[in-house]
Amino acid sequence: MAYRRRVLDETLDNLFPHLAAIAIEGAKGVGKTAMASRRATTIIDLIDPNQRRSVADNYHLVAQVPPPVLVDEWQLEPSVWDRVRQAVDDDAAGGRFLLTGSAGVAPGVRIHSGAGRIVSFLLRPMSLFERGIAEPTVSLRELLTGQVPRIGGSTAVDLPQYVDEVLRSGFPGIRDLDPYARTTQLDGYLARIVERELPENGATVRRPAALKQWLSAYAAATATDAAYSTILDAATPGESNKPARQTVAAYREHLTRLFVLDPIEAWIPSFSPLTRLTRTPKHHLVDPALAARLMGVDLDGLLQGMGTRLTPRVGTDTWLGALFESLAAQSIRVYAQAANATVGHLRTHDTNQEIDIIVETPDRRIVAIEVKLSPTPTGHDLRHLNWLADQLGERLVDRVCITTGPHAYRRPDSVAVVPLALLGP
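As the structure is a computational prediction, the values presented were derived from the model and not from experiment. (Residues numbered from 1 in each chain as written. Predicted model: local features only at pLDDT ≥ 70, side-chain atom pairs only at ≥ 80, totals over all residues. Heavy atoms only, no water.)

**Focus: the sheet that holds strand 12 (residues 416–419)**
Okay, so step 1: Strand order in the open sheet made by the six strands is 7-8-9-10-12-11, with mixed pairing throughout. This sheet does not close on itself; its edge strands, each paired only once, are strand 7 (342–347) and strand 11 (409–410).
Okay, so step 2: Here strand 7 runs beside strand 8 (residues 354–360); their pairing, made up of five bridges, is antiparallel. Across the sheet, T342 pairs through a bridge with E360, a residue of strand 8. (Pairing = 2+ DSSP bridges. Helix = DSSP H or I, 4+ residues; strand = E, 2+ residues; numbered from the N terminus.)

**Considerations on the packing of aromatic side chains**
Okay, so step 1: Inspection of the entire model under this criterion finds four aromatic pairs.
Okay, so step 2: Relative to W81, the ring of W74 lies with its centre 4.7 Å away and its plane at 35 degrees, an arrangement referred to as tilted.
Okay, so step 3: Under the relative-accessibility criterion, W81 is labelled buried at 6%.
Okay, so step 4: On the basis of an interplanar angle of 35 degrees and a centroid distance of 5.4 Å, the ring pair of W214 and Y218 is categorised as tilted. Placement of the pair is W214 and Y218 together in helix 10 (residues 208–220), with a separation of four residues, close to one helical turn. Neither W214 nor Y218 differs from the other in exposure class; each is buried.
Okay, so step 5: Above the face of the Y228 ring, R252 is positioned so that its terminal group lies 3.6 Å from the ring centre. (Phe/Tyr/Trp six-rings, centres within 6.5 Å; stacked < 30°, edge-to-face > 60°. Buried < 20%, exposed > 50% of the residue type's maximum accessible area, 1.4 Å probe, protein only. Lys NZ or Arg CZ within 6 Å of the ring centre and 35° of its normal.)

**Overview of the sheet that holds strand 5 (residues 118–122)**
Okay, so step 1: The strand order across the open sheet built from five strands is 2-3-4-1-5, with neighbouring strands paired in parallel fashion. Of all the strands in the sheet, just strand 2 (42–45) and strand 5 have a single pairing partner and so form its edges. Between one strand axis and the next, the sheet turns by 20 degrees as a mean value, whatever way the strands run.
Okay, so step 2: Relative to strand 3 (residues 69–72), strand 2 runs parallel, the two being bridged by four bridges. What sits directly across from T42, in strand 3, is V69.
Okay, so step 3: Contacts between helix 1 (residues 7–15) and the sheet are confined to strand 1 (21–25) and strand 5, with strand 5 contributing the most and set at about 170 degrees to the helix. (Axes fitted to C-alpha atoms, helices over the stretch in contact; angles between N-to-C directions. Contact = heavy atoms within 4.5 Å.)

**A look at the confidence of the model for the protein**
Okay, so step 1: In this model, the protein carries a mean pLDDT of 92, and residues with pLDDT of at least 70 account for 95%.
Okay, so step 2: Contacts from residues 312–316, a stretch scored under 50 in pLDDT, to residues over four places away or in other chains number six contacts. (pLDDT = per-residue confidence, 0-100.)

Next up, the structure:
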C-alpha cells in the first residue's frame, strides 16, 4: 500500500533534525511505523523474535547501529528506552532515534521518564484532509492567526459520504478494505483490545463480556460528558452484580494508555472572566468507526436515525450527530497539533452554555468551534459562540461552525460556516 503523507509528517520533518530522540505514540494501526520507517537508516523490529533477542543480549545495540535508528514496539524490550536516554545524554545531536509503540511498559517495569531526552509525538488516525476526499479551502492555522481570513469554497461531499467516512475509519490499513472485510477488521481490533492488549498491559479482565458492554456504553456516550457512573449503569441495566467502580476505573486507565479512549479535556482558562466551568472530559474513542461497530449500526441505520445517544441531559441530539462531531474532532485535533495548539471543550455547570471544541495557541489566541449535523446553521445554533465572544472579546480570534453543507462562507455576524470537508490544516 502506497504511503499517504500525513499532516504531521511536516511537523516531524521540522522537529527530528533538532531532537535526538522522538517517541511516536498512538493507537495500534494509526501508521506510526510507516511514518517512522521513512526516516530510518536502521530498523529494529522487536516483534521479530530474533531482533528482540539481539537487543536483549546486547544492551548497547541501538547505539551501535547506523542512525537514524527506528525501534519498533520498543515497550517489548523496555531496556531500549533507558539505553536511548543514555545515548542522548552522551550525544544530543538531532535525528538519531525514533521509537514507536502503542502502549507503555507493563506494570512493575521501571524505566526513566526520558524527560528532556525523549520527546513524545502523538499520531492519531487520518484526518479528512489526509483521506483525500476533498481539497480544503479553510485553514485552521490561518484562523488561529487572528487575521479573520476570507471564507469560501464549495464541496460535493454530503451527509451520506460523511457517514461513510465515519464507518470507513481513519486507520490507514482498514479504510480501503471492502465493507465486509472492514467490519471484520474493526471487530477484530476491538476483540484484540479486550482479549489480548489489555491483559498484556497488566489489566486483569475477568469478565470480557462485561468490559465489551462497558465499551459499548462508552460509545453511546460519544461527544457527551456523561458521568462514568451513568456509563456504568447503561452498561449493566438491571444488574445487581455490576463491576466495581475501581475495576472500571482501571479499565479506563489502561484503555487510555493504549490510546483507545481519546477524551477531550475540559477547557479551563486561567486568564478569562469565565467561572463555574465543568472539568469533566468529553468522551471520544480514538476513531468513531469503533463506536459505530460497538453499537452495530451501519450506514443505512445511521441515516435512518438508529443508535441511542447516552446523554445526561434532555435534548434532541442524535447519535449520528455525536459521531459526526467525533469525526470533526478527530480531524481538528490533528490540525491543531500541527499548529502547536491545544484542544478542549467548554461547558458551564448549569449547562446553559457549551461549545464543542476550543482551540488555543500557546499565546492564548482562541478559535471556538461548534459542530452541527445540519447543512445550514441558524442563529440559535450559534448562540453559544456569540456568548463566548461577548465574554472573551479580542482573545477569541474566530468563531466557526462546522457543517455538512456544500458551501463555506462568513455570516453577517462574522461566524465562519465551514463544511467539514473544506477544513484543513
